[in-house]
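# Observations on chain architecture
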Amino acid sequence: MQLLPEKELDNMRKRNSPLEILLWSIALPGFGQVLNGKLIKGILFIFLEILINVNAKLNLNILYSFQGNIDKAIEVTDYQWAMFYPCLYLFAIFDSYYEALKQSDRSIPSLLSIPFVSAVYLSTIGVMFSDTIPYIIPIPPTFIPLLAMVIGVWIGNFIRLWIIHKRNVQS
């Protein structure tokens, strides 16, 4: 027994707002893809997130960072695995947000990927230095790549807007 007509069901499927998808993807890479109906891609992102998280021991890094045990947070982290995390994390967020915008029939902002790419670069650099900066500035290692990511989004948005402005001026 079908309670709603097919047209109403289709409208409900499209109601996941891009912001909602973005926020779920920030919570866990792959959730946004699942909500967008891209199950295989979503399951792949979730699997890769867990694989990298476990091998890098990121949850222990986060735990010790919040407890203020900087030395232990640095000691438990496998940085060769941790280096993969920013790229996977931000690409999954970008991919789900982009797909949500397409599915909701909204326009895709010009050069949307630039803030995400900038955040990837800077947060990866943050991972590389998260084992040394806490000895210079008392910031727990977990927060260094996160801070770099926020700065990367900000710089990327500035670059994106600057390029758009330059294009408009030249036109």
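These notes cover the structure that comes with them. (Residues numbered from 1 in each chain as written. Predicted model: local features only at pLDDT ≥ 70, side-chain atom pairs only at ≥ 80, totals over all residues. Heavy atoms only, no water.)

## Points about the overall build of the chain
- Of the regular secondary structure elements, the chain holds 10 helices and zero strands.
- Ordered by position from N to C terminus, the α and β elements of the chain give α-α-α-α-α-α-α-α-α-α.
- Counting over 171 residues, the chain shows a buried share of 39%.
- A fraction of 64% describes how many contacts in the chain between residues 6 or more apart in sequence connect residues 24 or more apart.
- On the chain, roughly 10600 Å² of surface is accessible, and the fraction owed to carbon and sulfur atoms is 68%. (Helix = DSSP H or I, 4+ residues; strand = E, 2+ residues; numbered from the N terminus. Buried < 20%, exposed > 50% of the residue type's maximum accessible area, 1.4 Å probe, protein only. Contact = heavy atoms within 4.5 Å. Areas by Shrake-Rupley, 256 points an atom, 1.4 Å probe, with all protein chains shown as cover.)

## Let's talk about the packing of helix α9 (residues 113-129) against helix α10 (residues 143-170)
- At a minimum axis separation of 7 Å, α9 and α10 run at an interaxial angle of 150 degrees. Classified by the angle their axes make, α9 and α10 are roughly antiparallel. Classified by chirality, the crossing of α10 by α9 is right-handed.
- Tallied by class, residues from the contact of α9 with α10 come to 15 nonpolar, six polar and one charged. (Axes fitted to C-alpha atoms, helices over the stretch in contact; angles between N-to-C directions. Parallel < 35°, antiparallel > 145°, perpendicular 65-115°, else oblique. Left-handed = near helix turned anticlockwise from the far one by under 90°. Nonpolar A, V, L, I, M, F, W, Y, C, P; charged D, E, K, R; others polar.)

## Some words on the packing of aromatic side chains
- One pass over the structure, following the stated rule, counts nine aromatic pairs.
- Each ring, one from Phe66 and one from Phe143, has its centre 5.1 Å from the other, and the planes form 70 degrees; the classification is edge-to-face. Placement of the pair is Phe66 in helix α5 (residues 58-66) and Phe143 in helix α10, with a sequence separation of 77 residues. (Phe/Tyr/Trp six-rings, centres within 6.5 Å; stacked < 30°, edge-to-face > 60°.)

## Concerning helix α4 (residues 39-56)
- Taking 1.5 Å of rise per residue, the 18 residues of α4 would be expected to cover 26 Å, and the 25 Å separating its terminal C-alpha atoms lies within 8% of that figure.
- Within the span of α4, buried status applies to Gly42, Phe45, Ile46, Glu49, Ile52, Asn53 and Ala56. Mapping the buried residues of α4 onto a view down its axis gives an arc of 140 degrees, with all of them on the same face. Within α4, the exposed residues directed more than 90 degrees away from the buried face are Ile40, Ile43 and Val54.
- Residues of α4 that are buried in the fold lie against α3 (31-35), α5, α6 (70-76), α7 (79-82) and α8 (85-103).
- Positive phi appears at Lys57, one or two residues downstream of α4, with a value of about 60 degrees. (Expected span 1.5 Å × (residues − 1). Arc of directions from axis to C-beta.)

## Brief notes about a nonpolar patch on the surface
- A cluster of nonpolar side chains, Met83, Ile125, Met128 and Phe129, forms an exposed patch at the surface whose accessible area comes to about 340 Å².
- Relative to the elements of secondary structure, Phe129 occurs in helix α9.
- Since its relative accessible area comes to 42%, Phe129 is described here as partly exposed. (Patch = residues over 30% accessible without salt bridge, like charges linked within 9 Å, V, L, I, M, F, W, Y side chains within 5 Å. Salt bridge = Lys/Arg side-chain N within 4 Å of Asp/Glu carboxyl O.)

## Topic: α5
- When we look at burial in α5, the residues that qualify are Leu58, Asn61, Tyr64 and Ser65. An end-on view of α5 places all buried positions within 130 degrees of arc, on one side of the element. The exposed set on the far side of α5, more than 90 degrees from its buried face, consists of Asn59 and Phe66.
- Here the buried face of α5 lies against α4, α6, α7 and α8.

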